[in-house]
Amino acid sequence: GKSTTSGHPIYKCGGINKRTIENFERKAAETGKVSSKFAWVLDKLKVERGHGITIDISLGKFETSNDVPIIDAPGHRDFIKNMITGTSQTDCAVLIVAAGVGEFEAVISKNGQICEHALLAHKMGVKPLIVDLNKVDSTELSYSQKRYKELAKEVSTYIRKIGYNPNTVAFVSISGWNGDNVLEPSANTLWLKGWKVTHKDGNASETTLLEALDYILPSTRPTDNPLHLPLQTSTKSVVLTGILKPSIIVTFALVNITTEVKSVAMHYKALSEALPRDNVGFNVKNVSVKDVHPSTMVIILNHPGQISSGYAPVLDCHTAQVAYRFAELKGKIYCHSGKKLEDGPKFLKSGDAAIVNMVPGKPMCVESFFDYPPLGLFCCS
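Note that this is a predicted model, so its numbers are computed, not measured.

S.K.: Explanation requested: the overall build of the protein in the structure shown.
M.R.: Per the secondary structure count, the protein includes eight helices and 16 strands. Within the span of the protein, comprising 381 residues, buried residues form 42% of the whole. Put simply, the protein shows about 20400 Å² of open surface, and 52% of that area lies on carbon and sulfur atoms.

Listed below in structure tokens is the structure:
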């Protein structure tokens, strides 16, 4: 339901026109997916619309008193690489929790998607969090206050375990399809007293998802640091217009190439400049596609059994995906303080934190976490 929930405000706030939505509604009805019209705002691939799942990250935006870009990352575990690509670029994670009977119980289970997504967001460095309890309009729930309280309590318990403070998280009861509490307070949930959060600039208390987004504090952009670019895809031909400070020289650290940026665009609109965390396309000259490699973010998520030297997982590091070998387990540490607990352990298990020497199967680039946190995190799967 997250594509539907995202598509609703994009349409209502003018990010896409009524004629397009009506066209989506007609085509969705023809394929028997009448509830997908808002999802299709962000799910653009034919295979995504056919199967009803997000595969690639997609971009959208709408405007309130703030400019709100949306990166709709896939939730399905087969596309975790794409999910990490999107997660690393966000100021806030919006966790869409299916409240339906049976659905919630599945996604909150030990290996459920909600648990994976919340843990991934936290470990990828996305600290601000909003929880949307979606589908409250379903037949079984019928806008149930009791169900809302049960789910909010259970999600709060879990996110506290992984490091989030529930007091700083807005819990919103919504229907992405009907629009309840997405942009305006709903008459169907008059029992909802609204969400309340505490953050460093004071407390906030409102009702809707839109208001929760507007209360998120933008992160500081490291504009004084040298330019680093994680690349998602590269193509031979680029159709962009405009100039991005032609004097800027881009260094691809992995292959030691310097070149001149000729143009840059975001959401297919030319920009005079791009700032940290902007998701852009750009045009360079004198660089071959074969010379450009995805740049590179250790978390082991609920790994069964033990991990010893020689273990070779696939590592997702920003936009790169490379097989790695655990060459040496140097020592266990306490994850919160970094204090050493044991030298040279024979194995690691789920829940352990450790210092490990890892050897990639092919060259890749990982930044220092302390210098560039978004580019210094990676995930093994």
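Here the narrative resumes, following the displayed structure.
S.K.: Can you help me understand the pairing of strand β1 (residues 58–63) in this one?
M.R.: Two faces, one strand: in a regular strand the side chains alternate between the faces of the sheet. By the alternation rule, side chains of β1 split into S58, G60 and F62, which are all buried, and L59, K61 and E63, of which none is buried. Direction of pairing for β1 relative to strand β2 (residues 67–72): antiparallel, over a ladder of six bridges. Pairing of L59 across the sheet is with I71, part of β2. Here β1 folds back onto β2 in antiparallel fashion, the turn holding three residues.

S.K.: Just to check I follow, could you spell out the sheet that holds strand β4 (residues 129–134) for this structure?
M.R.: Hydrogen bonds between backbone groups are what pair the strands of a sheet, and the pairing can be parallel or antiparallel. Across the sheet, three strands lie side by side as β3-β4-β5; this open sheet has parallel pairing. Each edge of the open sheet is held by one strand with a lone partner, namely β3 (93–98) and β5 (170–173). Averaged over all adjacent pairs, the angle separating strand axes in this sheet is 20 degrees, with direction ignored. Pairing analysis gives six bridges linking β3 to β4, with the strands arranged parallel. Pairing of V94 across the sheet is with I130, part of β4. On the sheet, helix α7 (residues 145–162) packs against β4 and β5 and is oriented at approximately 150 degrees with respect to β5.

S.K.: What am I meant to see in the environment of I114 here?
M.R.: Looking at the secondary structure, you find I114 in helix α6 (residues 113–123). In sequence terms I114 and I159 are 45 residues apart; their C-alpha atoms lie 9.9 Å from each other. The residues contacting I114, other than those within four sequence positions of it, are L95, I96, V97, V107 and I108.

S.K.: When you look at unusual backbone geometry in this model, what are you seeing that I'm missing?
M.R.: Only a minority of non-glycine residues have a phi that is not negative, and only a minority of peptide bonds are not trans. Its identity as a non-glycine residue notwithstanding, K135 has a phi of 65 degrees, on the positive side. As for its position among the elements, K135 is in the loop between β4 and α7. Of note, the phi angle at N181 is positive, near 60 degrees, even though the residue is not glycine. Position of N181 among the secondary structure elements: in the loop between β5 and β6 (195–199).

S.K.: How do you make sense of the confidence of the model for the protein when you look at a structure like this?
M.R.: The predicted coordinates ought not to be read in detail in places where the model reports low pLDDT. Mean pLDDT over the protein stands at 75; residues scoring 70 or higher make up 78%. Confidence, expressed as mean pLDDT per element, reaches its minimum in the protein at strand β8 (residues 249–252) with 34 and its maximum at β5 with 92. When the criterion is pLDDT under 50, residues 237–257 qualifies, and its contacts beyond four places in sequence or with other chains add up to 56 contacts. When the criterion is pLDDT under 50, residues 294–298 qualifies, and its contacts beyond four places in sequence or with other chains add up to 33 contacts.

S.K.: Looking at this structure, how should I read the pattern of salt bridges?
M.R.: Oppositely charged side chains are able to pair whenever their charged atoms sit close together. Considering all chains together, one arrives at five salt bridges under this definition. The salt bridge involving E105 is made with R147; its shortest N-O contact spans 3.1 Å. On the criterion of sequence distance, the pair formed by E105 in helix α5 (residues 103–107) and R147 in helix α7 is long-range, its members being 42 residues apart.

S.K.: What's the story with α6 in this structure? I'm lost.
M.R.: Two residues of an α-helix separated by three or four positions point the same way, owing to the 3.6 residues in each turn. Burial within α6 is extensive, with nine of its 11 residues counted as buried. Considered for burial, the residues of α6 that qualify are I114, C115, E116, H117, A118, L119, L120, A121 and H122. Where α6 ends, the next residue or the one after it, G125, has phi of about 90 degrees, a positive value.

S.K.: Is there a simple way to explain helix α2 (residues 18–30) in this structure?
M.R.: Along its 13 residues, α2 runs 19 Å from first to last C-alpha, staying within 8% of the 18 Å computed at 1.5 Å per residue. G32 lies just past α2 and shows a positive phi near 75 degrees.

S.K.: Which parts of the structure should I look at to understand the pairing of strand β13 (residues 320–333)?
M.R.: Pairing analysis gives four bridges linking strand β12 (residues 314–317) to β13, with the strands arranged antiparallel. Bridge assignment links L315 to a residue of β13, and that residue is V322. Note: β13 against strand β15 (residues 353–360), eight bridges, orientation antiparallel. Within the sheet, the bridge partner assigned to I333 lies in β15 and is A353. Two strands pair when backbone bridges link them, and β13 and strand β14 (residues 340–343) are joined in this way by three bridges, in the antiparallel orientation. From the neighbouring strand, G331 faces β14, where its bridge partner is D343.

S.K.: Explanation requested: the environment of G176 in the structure shown.
M.R.: Position of G176 relative to the elements: it lies in the loop between β5 and β6. In this structure, G176 is in contact with T4, T5, H8, F38, N134 and V182, ignoring residues within four places of it in sequence.

S.K.: Is there a simple way to explain the packing of α6 against α7 in this structure?
M.R.: The packing of two helices is summarised by the inter-axis angle and the distance between the axes. Taken N-terminus to C-terminus, the directions of α6 and α7 make an angle of 35 degrees; their axes are 10 Å apart at the nearest point. Crossing handedness for the pair α6 and α7: right-handed. Judged by residue contacts, C115, A118, L119, H122 and K123 of α6 engage Y158, I159 and I162 from α7. Of the residues that constitute the contact of α6 with α7, the class distribution is six nonpolar, one polar and one charged.

Cut-offs used in this document
- Residues numbered from 1 in each chain as written.
- Predicted model: local features only at pLDDT ≥ 70, side-chain atom pairs only at ≥ 80, totals over all residues.
- Heavy atoms only, no water.
- Helix = DSSP H or I, 4+ residues; strand = E, 2+ residues; numbered from the N terminus.
- Buried < 20%, exposed > 50% of the residue type's maximum accessible area, 1.4 Å probe, protein only.
- Areas by Shrake-Rupley, 256 points an atom, 1.4 Å probe, with all protein chains shown as cover.
- Pairing = 2+ DSSP bridges.
- Axes fitted to C-alpha atoms, helices over the stretch in contact; angles between N-to-C directions.
- Contact = heavy atoms within 4.5 Å.
- pLDDT = per-residue confidence, 0-100.
- Salt bridge = Lys/Arg side-chain N within 4 Å of Asp/Glu carboxyl O.
- Expected span 1.5 Å × (residues − 1).
- Left-handed = near helix turned anticlockwise from the far one by under 90°.
- Nonpolar A, V, L, I, M, F, W, Y, C, P; charged D, E, K, R; others polar.

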